[in-house]
Amino acid sequence: MEYIPMWLQAGFWGLVAGAALLVGAGVGYRFKVPIRMVAGIMAFGSGVLISALSFELMDEAFHKGGFPATALGFLGGALVYTLANWWLAHRGARHRKRSGCQPTEGEHGGSGTAIAVGALLDGIPESIVIGLSMLGGGKVSMVAVWAIFLSNVPEGLSSAAGMKKAGRSARYIFGIWGGIALASGLSALAGFTLFEGVSPGMVAATTAVAAGAILAMLADTMIPEAFDEAHDFAGLITVMGFLAAFALSKMGG
């Protein structure tokens, strides 16, 4: 892909990772997937993301910008995500990743919009990371792409099943996930173009912000969903996901 402009490559890889949401949504809408299986996939995806943000994002941020910038960015990202998620949770988006207990519009007016905004909030930090990973070296972190892809499949699957049970239309469901997949590509493109030529410290801080937001998202949404339905094996499955991403990282992606 050397002849393709770097900004376009960044957008492409962001779109690839985001497209997993549509794949998962299609499966969740069309087939009745056992909740425990969804929870197991969610646990695996959580482990994959934890590994990626540990060995790809935080380690890279530390080497580029040092501990102060990394720590401040990490805490800042977690704080911003937590506050935004708290606001959305009180407007009907608390269970946006769950397949069985999303509210209908009749039960909580405006919950559909809140769920859509919440899903976008979950996806933007991940996608920006893809663009940031291409700065300097000019090569995307395939570990980050695959980690985000693997975590997006169960997210789309579980959320689409929940939306269907709550009575939302196919047009609404696939419109939401299609829009977020497109936003993922644009976010990755922005992560590359907006930070190209920026100081390493700023890039490090931004990477750490994304990592903090991702970890807060995992703790607030994906891990609780996995534990609620697969609590007997959730820890083991999460460890397996972590190990898979760790192995991919050490084998060079």
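If you're wondering where the values come from, they're calculated on a predicted model, not measured in any experiment.

Rules of the game
- Residues numbered from 1 in each chain as written.
- Predicted model: local features only at pLDDT ≥ 70, side-chain atom pairs only at ≥ 80, totals over all residues.
- Heavy atoms only, no water.
- Helix = DSSP H or I, 4+ residues; strand = E, 2+ residues; numbered from the N terminus.
- Buried < 20%, exposed > 50% of the residue type's maximum accessible area, 1.4 Å probe, protein only.
- Contact = heavy atoms within 4.5 Å.
- Areas by Shrake-Rupley, 256 points an atom, 1.4 Å probe, with all protein chains shown as cover.
- Phe/Tyr/Trp six-rings, centres within 6.5 Å; stacked < 30°, edge-to-face > 60°.
- Lys NZ or Arg CZ within 6 Å of the ring centre and 35° of its normal.
- Expected span 1.5 Å × (residues − 1).
- UniProt positions renumbered as here; feature names shortened; annotations may be inferred.
- Arc of directions from axis to C-beta.
- Core = buried A, V, L, I, M, F, W, Y, C linked by side-chain atoms within 4.5 Å.

## As for the overall build of the protein chain
Turning to step 1, where the next piece is worked out: The helix and strand tally for the protein chain stands at seven helices and zero strands.
Turning to step 2, where the next piece is worked out: For the protein chain, the α and β elements follow one another from N to C terminus as α-α-α-α-α-α-α.
Turning to step 3, where the next piece is worked out: Scored against the burial criterion, the 253 residues of the protein chain give a buried share of 47%.
Turning to step 4, where the next piece is worked out: Of all intrachain contacts in the protein chain linking residues separated by at least 6 positions in sequence, the fraction that spans at least 24 positions is 82%.
Turning to step 5, where the next piece is worked out: Entry remark: accessible area of the protein chain is about 11,500 Å², with carbon and sulfur atoms responsible for 72%.

## Concerning the packing of aromatic side chains
Turning to step 1, where the next piece is worked out: Enumeration over the complete set of coordinates arrives at five aromatic pairs.
Turning to step 2, where the next piece is worked out: A connected cluster of aromatic rings, assembled from ring pairs, spans F55, F242 and F246.
Turning to step 3, where the next piece is worked out: Across the ring face of F31, the terminal group of R30 is positioned such that the distance to the ring centre comes to 5.2 Å.
Turning to step 4, where the next piece is worked out: Lying across the ring of Y29, K164 places its NZ or CZ 4.5 Å from the centre.

## Focus: helix 5 (residues 170-193)
Turning to step 1, where the next piece is worked out: Counted at 1.5 Å a residue, the expected span for helix 5 with its 24 residues is 34 Å, and the 34 Å between its end C-alpha atoms agrees.
Turning to step 2, where the next piece is worked out: Of the residues making up helix 5, those classed as buried are I173, I176, W177, I180, A181, A183, S184, G185, S187, A188, G191 and F192.

## Some thoughts on the UniProt feature "transmembrane region" (unreviewed entry) in the protein chain
Turning to step 1, where the next piece is worked out: According to UniProt, the feature "transmembrane region" (unreviewed entry) maps to residues 6-25, 37-55, 67-88, 172-195, 201-218 and 230-248 in the numbering used here.
Turning to step 2, where the next piece is worked out: A helix fraction of 100% and a strand fraction of 0% characterise residues 67-88, whose end C-alpha atoms lie 31 Å from each other.
Turning to step 3, where the next piece is worked out: For the annotated span residues 172-195, helix accounts for 92% and strand for 0% of the residues, and the straight-line distance between the end C-alpha atoms is 34 Å.

## Remarks on helix 7 (residues 234-250)
Turning to step 1, where the next piece is worked out: An ideal rise of 1.5 Å per residue puts 24 Å on 17 residues; helix 7 measures up with 24 Å between its terminal C-alpha atoms.
Turning to step 2, where the next piece is worked out: For helix 7, the set of buried residues is A234, T238, G241, A245 and S249. For helix 7, the buried positions fall inside an angular range of 80 degrees around the axis, keeping them on one side. Exposed residues on helix 7 whose side chains face more than 90 degrees from its buried face are L236, V239, L243 and K250.

## A word on the nonpolar core
Turning to step 1, where the next piece is worked out: In this structure, L49, I130, V140, I214 and L218 are the most contacted members of the largest nonpolar core, which totals 36 residues.
Turning to step 2, where the next piece is worked out: Of all the elements in the fold, those that place two or more residues in this core are helix 1 (6-30), helix 2 (35-93), helix 3 (111-132), helix 4 (142-165), helix 5 and helix 6 (200-230).
Turning to step 3, where the next piece is worked out: Ranked by the residues each element gives to this core, the list is headed by helix 6, at 10 residues.
Turning to step 4, where the next piece is worked out: Beyond its immediate sequence surroundings of up to four residues, L49 is in contact with E126, A147, I148, S151, I214, M217 and L218.
Turning to step 5, where the next piece is worked out: Ranked by size, the runner-up nonpolar core spans nine residues in total, among them L21, A25, M163 and I176.

## Brief notes about the side chain of S51
Turning to step 1, where the next piece is worked out: By secondary structure assignment, the location of S51 is in helix 2.
Turning to step 2, where the next piece is worked out: Given a relative accessible area of 2%, S51 falls into the buried group.
Turning to step 3, where the next piece is worked out: Those residues in contact with S51, other than ones at most four positions away along the chain, are E56, F242, A245 and F246.

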